[in-house]
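# A structural walkthrough
Given next are the chains, with one letter for each unit.
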Amino acid sequence: MSAMSDDLTAAETDTDTRPTKIMYVAEATAHGGRDGYVTSQDGQIEVRVAMPPELGGDGNGTNPEQLFAAGYSSCFHNALVLVGRRSGFDLTGSTVAAKVGIGPNKQRGYGLAVALSVSLPVLDQEVAAKLVDAAHEVCPYSNATRGNIDVTILLG
């Protein structure tokens, strides 16, 4: 194997964010698409979904973008607390809010964009920025979306 091949393999390993072991599997089923309901296999979720008025629906239910925003914000916040704890910081009072936008893409389909608003009121900006960057590397949602969804992180 050449030195170039060794470098390429190392680079691929460094950026590979796939799990090496599956520790938990979530399972949900949609009934009726965007105008129906969603259930989880364990019964914890049973929610009506509906198109928002901005997309021509009645808005009488949640929607996949809200569910994605809830998942991403909670996952990113957990990653933030984890890296904060590893670095010796107590992040009590911190929050992460997510906005998920949807719109047409150039391939005649639809795409998403995400804005995460992070509040770390007890830390100075430099330390907070380092923790946010570290959380963005740890968070499974960030790893899953990197390179295919625009994710903006606002630190306030």
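Everything that follows concerns the structure shown earlier in this document.
Calculation notes
Counting from 1, residues in each chain are numbered in the order their sequence is written. Per-residue local features of the predicted model are confined to residues with pLDDT of at least 70, and side-chain atom pairs are confined, for both listing and counting, to 80 or more; whole-chain, interface and lining totals are unaffected and use all residues. The basis for the side-chain values is all heavy atoms of the structure; hydrogens and waters are excluded. Numbered from the N terminus, helices here are DSSP runs of H or I no shorter than four residues, and strands are runs of E no shorter than two. Using a 1.4 Å probe on the protein chains alone, a residue whose accessible area is under 20% of its type maximum counts as buried, one over 50% counts as exposed, and one in between counts as partly exposed. Any two residues whose heavy atoms approach within 4.5 Å at even a single point are treated as in contact. Only the protein chains shown count as cover for residues, and the accessible areas themselves come from Shrake-Rupley with a 1.4 Å probe. When charges are counted, neither His nor the chain ends are considered; positive counts come from Lys and Arg and negative counts from Asp and Glu. Charged groups are reduced to one reference atom each: NZ for lysine, CZ for arginine, CG for aspartic acid, CD for glutamic acid. Strand pairing requires that DSSP identify at least two bridges connecting the strands. A helix is expected to span 1.5 Å multiplied by its residue count minus one. Under this definition, polar contacts are N or O atom pairs within 3.5 Å; protein pairs additionally need one hydrogen-donor-capable and one acceptor-capable atom, and for neighbouring residues in sequence, both atoms have to be side-chain atoms. What counts as a salt bridge is simple: a side-chain nitrogen of Lys or Arg found within 4 Å of a carboxyl oxygen of Asp or Glu.

## Some words on the overall build of the protein chain
Check the secondary structure of the protein chain and you find four helices and six strands. In sequence order, the protein chain lays out its α and β elements as α-β-β-β-α-β-β-α-α-β. The burial tally for the protein chain puts 28% of its 156 residues in the buried class. Sequence separation of 24 or more characterises 47% of the internal contacts of the protein chain that already satisfy a separation of 6 or more. Accessible surface, the protein chain as shown: approximately 10,700 Å² in total, 54% of it carbon and sulfur. Averaging the positions of the 11 positive and the 18 negative side-chain charges in the protein chain gives two centres separated by 2 Å.

## Quick word on the pairing of strand 5 (residues 110-119)
Sheet topology note: the strand 4 (residues 95-104)/strand 5 ladder contains 10 bridges and is antiparallel. Bridge assignment links Thr-95 to a residue of strand 5, and that residue is Ser-119. In sequence, strand 4 turns back onto strand 5 through a hairpin of five residues, with Arg-108 there showing a positive phi of about 70 degrees.

## Observations concerning helix 2 (residues 64-86)
Its 23 residues give helix 2 an end-to-end C-alpha distance of 33 Å, which sits within 8% of 33 Å, the value for a rise of 1.5 Å per residue. The complete set of buried residues in helix 2 reads Glu-65, Ala-69, Gly-71, Tyr-72, Ser-73, Cys-75, Phe-76, Ala-79, Leu-80, Val-83 and Gly-84. Against strand 4, strand 5, helix 3 (125-138), helix 4 (140-145) and strand 6 (150-155) lie the buried residues of helix 2. A distance of 3.1 Å separates the backbone nitrogen of Glu-65 from a side-chain oxygen at the start of helix 2, and that oxygen is part of Asn-63.

## Some details on the pattern of salt bridges
In the structure shown here, the tally under the stated rule is five salt bridges. Across the salt bridge formed by Arg-18 and Asp-16, the nearest N and O atoms sit 2.7 Å from each other. Glu-65 serves as the salt-bridge partner of Arg-34, at 2.5 Å between the closest nitrogen and oxygen. Of this pair, Arg-34 sits in the loop between strand 1 (28-31) and strand 2 (36-40) while Glu-65 sits in helix 2, and the two are 31 residues apart along the sequence. Judged by its relative accessible area of 26%, Arg-34 falls in the partly exposed class.

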